[in-house]
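Architecture at a glance
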Amino acid sequence: MSRQQRTTAGFKRRYTDRDIRLLAEMDERHDTPCGHAIKKLCERAYQVFGQSDYETLVGISVSHLYNLRQSKAYQR
């Protein structure tokens, strides 16, 4: 009997392509400000204006926001 390695899917993806598209649209509307400003704009869109699309992006860290800006989904 030989032993076989079982590969798992890895980490669960927290931010979807839809979230990344929302981030890109927000950047485009505001001429790509710094990460901290975009984080606050996403929080404001959700908390003040009640745009539920931004619910996931409310908890994003500024450093991860920059990581998402480097993703292929964002570049498209």
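Right above here is the structure, for reference.
Residues numbered from 1 in each chain as written. Predicted model: local features only at pLDDT ≥ 70, side-chain atom pairs only at ≥ 80, totals over all residues. Heavy atoms only, no water.

Quick word on the overall build of the chain
Along the backbone of the chain there are 4 helices and 0 strands. A compact globule built from 76 residues would reach a C-alpha radius of gyration of about 11 Å, whereas the chain, at 16 Å, exceeds it by more than 25%. The dimensions of the chain, computed from C-alpha atoms along their principal axes, are 60 × 25 × 20 Å. Counting only residues that meet the buried cut, the chain has 29% of its 76 residues in that class. Across the chain, every contact between residues at least 6 apart in sequence was considered, and the portion connecting residues at least 24 apart equals 60%. A total of about 6100 Å² of accessible surface is found on the chain, and carbon and sulfur atoms cover 47% of it. If you average the places of the 14 positive and of the 9 negative side-chain charges in the chain, the two averages end up 9 Å apart. (Helix = DSSP H or I, 4+ residues; strand = E, 2+ residues; numbered from the N terminus. Rg over C-alpha atoms; globule rule 2.2 N^0.38 Å. Buried < 20%, exposed > 50% of the residue type's maximum accessible area, 1.4 Å probe, protein only. Contact = heavy atoms within 4.5 Å. Areas by Shrake-Rupley, 256 points an atom, 1.4 Å probe, with all protein chains shown as cover. Lys, Arg positive; Asp, Glu negative; His and termini not counted. Charge placed at Lys NZ, Arg CZ, Asp CG, Glu CD.)

A look at helix α2 (residues 35–47)
Every α-helix carries 3.6 residues per turn, so stepping three or four residues along brings you back to the same face. Relative to the 18 Å expected for 13 residues at 1.5 Å per residue, α2 spans 18 Å between its end C-alpha atoms, a close match to the ideal helical length. For α2, the full list of buried residues reads Gly-35, Ile-38, Lys-39, Cys-42, Glu-43 and Ala-45. One face of α2 carries all of its buried residues, which in axial projection span an arc of 160 degrees. Where α2 is buried, its residues contact α1 (17–29) and α3 (62–69). (Expected span 1.5 Å × (residues − 1). Arc of directions from axis to C-beta.)

Looking at the state of the cysteines
For the structure shown, the criterion picks out 0 disulfides. Cysteine Cys-34 remains unbridged, with the sulfur of Cys-42 as its closest cysteine sulfur at 12 Å. Taking the relative accessible area as the measure of exposure, Cys-34 reaches 45% and is therefore partly exposed. Look at Cys-42 and you get buried, because its relative accessible area is 1%. (Disulfide = S-S within 2.5 Å.)

Concerning the packing of α1 against α2
To describe two helices that pack against each other, one gives the angle between their axes and the distance between the axes. One can describe the packing of α1 onto α2 by two numbers: an axis separation of 11 Å at closest approach and a directional angle of 110 degrees. In terms of axis orientation, α1 runs roughly perpendicular to α2. In contact with Leu-23, Met-26 and Asp-27 of α1, α2 contributes Ile-38, Leu-41, Cys-42 and Ala-45. (Axes fitted to C-alpha atoms, helices over the stretch in contact; angles between N-to-C directions. Parallel < 35°, antiparallel > 145°, perpendicular 65-115°, else oblique.)

Things to note about the layout of surface pockets
The volume enclosed by the largest pocket comes to roughly 160 Å³. Taken together, Asp-17, Arg-21, Ala-24, Asp-27, Glu-28, Ala-73, Tyr-74 and Arg-76 make up the full set of residues lining the largest pocket. Taken together, the elements giving at least two residues each to the lining of the largest pocket come down to α1 and α4 (72–75). Take the lining of the largest pocket: its biggest share by element is 5 residues, from α1. (1 Å grid on protein atoms, 1.4 Å probe; cavity = no way out; pocket = protein on both sides within 12 Å on 5 of 7 lines; lining within 4 Å. Points joined across faces, edges and corners; volume = space filled by probe spheres on them.)

Some details on the environment of Gln-51
Relative to the assigned elements, Gln-51 resides in the loop between α2 and α3. With near-sequence residues (within four places) excluded, Gln-51 lies in contact with Ala-45 and Tyr-46.

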